[in-house]
Every structure is written in C-alpha cells, then in structure tokens.
Amino acid sequence: MEKLTAAELKDVFRLSEAAWASLATGMPSPLDPARTGGETMWSGHAFGRWLATGHPGLAGKGPLLLRPAAPAQPQYLGGACRAPRDDASDRADRFTGLWRTPQGVVVGVAYPLYDWIDAERGLLDLHDDADTVVAVGYAHDLDGPELRAVDRERPELVYHPSWAELAAHLGTGVPWWPDALRREEHLTTWRPGDEPRRVEVVTSPSWEPLYTLARQEPEGSPLRRACFTIGHRIRAGAADGALKEMADLRGRAGRVAASMVFPAVPETAADPGLAQVATDDIVGAGLAELCARTDDLAVECLEQVSQWSGAEDLPYGGTFNVMRTNVSRAAAEWINRLRAVPPTALHRMWEEDYDTVGTFVDPATGSPVVAVKGKFIFRDAREITYIGRAPKRLPAGSVLKEVILDDPIWVRTSDGVLYPAPAMGAPGLSWGYRGTGPTTLSECVGRLLDDGSAHAVTFDDDADEPGLREYFRIKHKRGTRISRRELIRVRLSS
C-alpha cells in the first residue's frame, strides 16, 4: 500500500504499541492531506526505508531488501522464461532469475519480455519458489530502471529498493538487459561472471520474418532489397537504442553503474541487411510485389512493415470505410466499379480481424478493398462495410476538377475519374470544425490545384492555405461538391 494510516503501519510492519511509541521521534512526515482526503497517512515504502535504515533494532520489521545486507557470495540458481497463466491477473511473458541470499531468502528478479507488469503481488503467485520478487520496469528514475519489489511475508506492500541495495543482498552486480537484448536463449544460459555476449536484437515489430523472406528472393530483386532495407532499419534502430541506454546507465553516478552487470551487447557486425539498403523507389517497388503475394510469410512481413511505419512504406495510403447503408452517390460510384479478385497478402491483413464477405481491387488506383460484415458493434451486425486504402498520389498528369465532401473526401479529375483524396493514415482529412482535419484538407487541396499528382500531406508539411482552411472549417452539408473554379476563388480570397 502506498498510503497507510498509523493503524495500518502498525499492522503491516507488525509493530507493538511500545515499538510504535519508541518511533515517535524523527518519523517521516505524513503525506500531503490533499492526497489523502484530509486523513493522516504515510507512504508505506518511505516508512519501511526509514525503519530499516534508522532503527537497527527494528530492521527485521522492514521490507527484506531494505534491511542491512550481510556479506554474501553470489548464489545464482538459474533463470527461466515463463509463459503467463490463464488464471493470473498479469498475462505478460517474463524471464525470472533466482538468487539465494545469506538470510536464506530466494529473490526472483523478473524482467518483462513484452508487457509492463502491473500486479507485483500477482508475481508471488506465479513464482512460488521466491520469497521476494523484484520487477524490473521500463521507466527510468535517478537510480536507473525502476525496481518494484514485494515480499511474501508482506504481500500488501510494494516498495522500491535501489539497485545498490539489491546488489548488496545478491552479493554481486545485478544483470540488466535492455529490452532489445532479452533474447530467451541468452537469458536462460547466462551465469554470473560470464563475459558480455553479442546478441541479435529482439524487436517489435520483428525484423526476422523480413530477413527470412529476403533470403528466399533472387539477388538484387526489389522485394529482397525492400525486406532487407526495412528489416535493417528496425534492427539497427533497436541496437542503437540498447547501446545508448547502456551508455546512459554507465555514465550515471558510480554506485548505480557498479550495481549493474551488462551481460549482452547488440550484434551489429553480422547484419546482412546493411549491404542491401536500397533507395525509396526500390523499396516501394519491392513492397508493391509483397502486397500482391498470397503466402503466409508475405502477410506476416506486411504486418511487421505496417507496425513499423504505418502507410509510409506501403504503396497505398491510409485506410477508410464506406458502409452500404445510406451510401452517398460518390461512394456508390466507387463501390460499383470495384472488381472482385482473390485475396492478396494485403487483403488478408484485414481478413484476420473481420468476417470478410469479399475481396476486391479498385481499378483506378490498384489498391485492395475488403468487404466485411458487422464491423461496427453499435450498428446492424449484417451491415456490409468496404475497407479501402487511399492513394498516396494521383496519376501523373492529373488535373483536379472538383472536391466532394464526404467520408472519405473524394476528388474528381478532369478526365472524369473519381478517387479517394490522397491521404496517409494521419494526419486525416475532414471539414466542419476548427482543428487539424480542415487544415490538412486545405493543404491537400492547395497541392492538388498546383499539381494534380502531388503527394498526400504528411506531418512534416506546413504549407499555409488560409483561404481554403477557413472555407473547410464551415459546416458544409455532406455530399457538397466544390468545383475547381470555386476552390481557386476561395484560395485567393484570403
């Protein structure tokens, strides 16, 4: 408990009335009444630390890792990666190393592999071979990565030992792996005294399926180079982050660095993707091939690419939805031109999440479309929704003829072809309020007036179109069609 009354402190720390009375002098100040509803309460962690350090006769009453540590030789009992239990409140995979202390206490140091562990008390249930469990968090404080501990003898109290305190009880520096270096086969085989080993980084999204597919493709092919390029970016970014994290910890106060051992460094020398890094054009061509494939590995690779960069690296822009119910004239025109095709890898990325009833391609843009049933839980379960992808740009030589305010925004070119307005996943295009949507739409339309094949707006763009921006802030009726002549007039009106 982080907030305890006097009665709760006596109970949690098993203090008699006489012992409590002896502590009256020098006790930590109560918490700010504004944080406790006006009740006099203390931080259980702060009280436990004060008790252990300021009252040797009562040190045994405090949390285990805050008590004075006896001289110790490291006794490491090994470590194991543990899958979550279905009946546990916390469902994160984790690695736990076990250590025996001179007091006969077994300490489990748990490193979350994927998710942050919120329920430290639940860790005691998951690690019934440990008297104390310390969860190593992702957040850093002045002492390094945050440590959150709980003792079996006092499961209601979560406290925060320092790395120096933990190391003193274990008798050696505590191993610490950056998240990117927590590869299972290394974690489970490490032993105190080992030299640091080179470890291939673990990343989310993962670079590994991209390298697997790349190795299956011919030398020099766009697909091979695209997969190696993006895989290398993911891999190199994680390696750089791990090195910087360790350098930061080494550069802190001596007692912090001295309390830690760094068992691994990222493997960077044996990265085949480095020599395959390609230009954006080659990457784009390779990913277009990937989108058109139908195999499971292609789907997995596309999922990793999408997690890494959203629509930035894919040949198509952000997604949009069109529902059959009350469909607008422009949307109906778009639906009616769709052509049914067998599902590609990009179709299948959606199929896994919805009840898919059809897969299509938009012949004007080449982008995939899936029709799904019951996408929105607050609408009719039989309703059909078409999920499409906007183009990043219109064909070369396009001339903007009109803009149609709808969801999505539509544009028609001088040759009569209707397109979803060029858009990335974000920032989005919209109208009728004072915000980023109308601002982005004004930038998009301004670009298309100057160059009908201009790229969709990104967060790096900052073109100012005050006339168009104010116009799109107006609550126009859905379906409003705005001609090129009117758009130019509005643009020049500012």
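Described below are features of the structure shown in this document. Note that the coordinates shown come from a computational prediction; the quantities given were computed from them, not determined experimentally. (Residues numbered from 1 in each chain as written. Predicted model: local features only at pLDDT ≥ 70, side-chain atom pairs only at ≥ 80, totals over all residues. Heavy atoms only, no water.)

## Focus: the pairing of strand E4 (residues 132-141)
Alright, step 1. In this structure, strand E3 (residues 106-112) lies alongside E4, joined through four bridges in parallel fashion. Residue pairing across strands places Val 107 opposite Thr 132, the latter belonging to E4.
Alright, step 2. Of the pairings in the sheet, the one linking E4 to strand E5 (residues 144-151) comprises seven bridges and is antiparallel in character. Residue Ala 135 lies in a different strand from E5, and its bridge partner there is Arg 148.
Alright, step 3. In this structure, the hairpin formed by E4 and E5 is closed by a connection of two residues. (Pairing = 2+ DSSP bridges. Helix = DSSP H or I, 4+ residues; strand = E, 2+ residues; numbered from the N terminus.)

## Re the environment of Leu 346
Alright, step 1. Tracing the sequence through the fold places Leu 346 in helix H14 (residues 345-351).
Alright, step 2. With 32 residues separating them along the chain, Leu 346 and Leu 314 place their C-alpha atoms 10.0 Å apart.
Alright, step 3. Those residues in contact with Leu 346, other than ones at most four positions away along the chain, are Cys 291, Leu 302, Tyr 316, Pro 368 and Arg 389. (Contact = heavy atoms within 4.5 Å.)

## Description of the pairing of strand E11 (residues 319-323)
Alright, step 1. A one-sided burial pattern is seen for E11, the buried positions being Phe 320 and Val 322 and the unburied ones Thr 319, Asn 321 and Met 323.
Alright, step 2. Looking at chain direction, E11 and strand E15 (residues 384-389) are connected through five bridges and run antiparallel. When the sheet's bridge partners are listed, Met 323 is paired in E15 with Thr 385. (Buried < 20%, exposed > 50% of the residue type's maximum accessible area, 1.4 Å probe, protein only.)

## Examining the sheet that holds E11
Alright, step 1. Taking strand neighbours across the sheet as the criterion, the five strands line up as E11-E15-E14-E13-E12 in an open arrangement whose pairing is antiparallel. On the outer flanks of this sheet lie E11 and strand E12 (339-340), each paired with one strand and no other.
Alright, step 2. On top of the sheet, helix H13 (residues 329-337) reaches E11, E12, strand E14 (368-373) and E15; it is set at about 100° to E11, its chief contact. (Axes fitted to C-alpha atoms, helices over the stretch in contact; angles between N-to-C directions.)

## What about helix H11 (residues 280-292)?
Alright, step 1. Over its 13 residues, H11 runs 19 Å from end to end, which matches the ideal 18 Å to within 8%, given 1.5 Å per residue.
Alright, step 2. Where H11 is concerned, the buried positions are Val 283, Gly 286, Leu 287, Leu 290 and Cys 291. One side of H11 carries all its buried residues, which in axial view fall inside an arc of 145°. Every exposed residue of H11 that faces more than 90 degrees away from the buried side is listed here: Asp 281 and Ala 292. (Expected span 1.5 Å × (residues − 1). Arc of directions from axis to C-beta.)

## Side note on the packing of aromatic side chains
Alright, step 1. Per the stated rule, a full pass over the model turns up 15 aromatic pairs.
Alright, step 2. Relative to Trp 99, the ring of Tyr 76 lies with its centre 4.6 Å away and its plane at 50°, an arrangement referred to as tilted. Highlighted residues: Tyr 76 in strand E1 (residues 76-82) and Trp 99 in strand E2 (residues 94-100), separated in sequence by 23 residues. We note that Tyr 76, like Trp 99, is buried.
Alright, step 3. For the ring pair Tyr 211 and Phe 228, a centre distance of 4.9 Å and an interplane angle of 75° mean the geometry is edge-to-face. Separated by 17 residues along the polypeptide, Tyr 211 in helix H8 (residues 208-216) and Phe 228 in helix H9 (residues 222-250) bring together distant segments of the chain.
Alright, step 4. Each member of the aromatic cluster is reached from another via a ring pair, and the members are Tyr 76, Phe 95, Trp 99, Tyr 111, Trp 177 and Trp 190.
Alright, step 5. For the cation-ring pair, Arg 235 lies above Trp 207, with the distance from its terminal atom to the ring centre recorded as 4.4 Å.
Alright, step 6. Note that Arg 250 overlies the ring of Phe 262, its terminal NZ or CZ placed 4.5 Å from the centroid. (Phe/Tyr/Trp six-rings, centres within 6.5 Å; stacked < 30°, edge-to-face > 60°. Lys NZ or Arg CZ within 6 Å of the ring centre and 35° of its normal.)

## With respect to the sheet that holds E1
Alright, step 1. Taken in spatial order, the six strands of this open sheet run E1-E2-E3-E4-E5-E6, and their pairing is mixed. The sheet terminates laterally at E1 and strand E6 (154-159), the two strands that pair on one side only. Averaged over all adjacent pairs, the angle separating strand axes in this sheet is 25°, with direction ignored.
Alright, step 2. On top of the sheet, helix H6 (residues 163-170) reaches E2, E3, E4 and E5; it is set at about 55° to E5, its chief contact.

## Here we look at H13
Alright, step 1. Buried within H13 are the following residues: Ala 330, Ala 331, Ala 332, Trp 334 and Ile 335.
Alright, step 2. Check the buried side of H13 and you find it contacts E11, E14, E15, strand E16 (400-404), strand E17 (410-413) and strand E18 (418-420).

## Focus on the packing of helix H15 (residues 436-450) against helix H17 (residues 484-491)
What describes two packed helices is the angle between their axes and the distance between those same axes.
Alright, step 1. In contact at an axis separation of 11 Å, H15 and H17 are set at 115° when each is read in the N-to-C sense. For the element pair H15 / H17, the angle class is roughly perpendicular. Between H15 and H17 the crossing geometry is left-handed. In this structure, H15 uses Val 445, Gly 446, Leu 448, Leu 449 and Asp 450 to contact H17, whose residues at the interface are Arg 484, Leu 487, Ile 488 and Arg 491.
Alright, step 2. For the contact of H15 with H17, the residue count by class is five nonpolar, one polar and three charged. (Parallel < 35°, antiparallel > 145°, perpendicular 65-115°, else oblique. Left-handed = near helix turned anticlockwise from the far one by under 90°. Nonpolar A, V, L, I, M, F, W, Y, C, P; charged D, E, K, R; others polar.)

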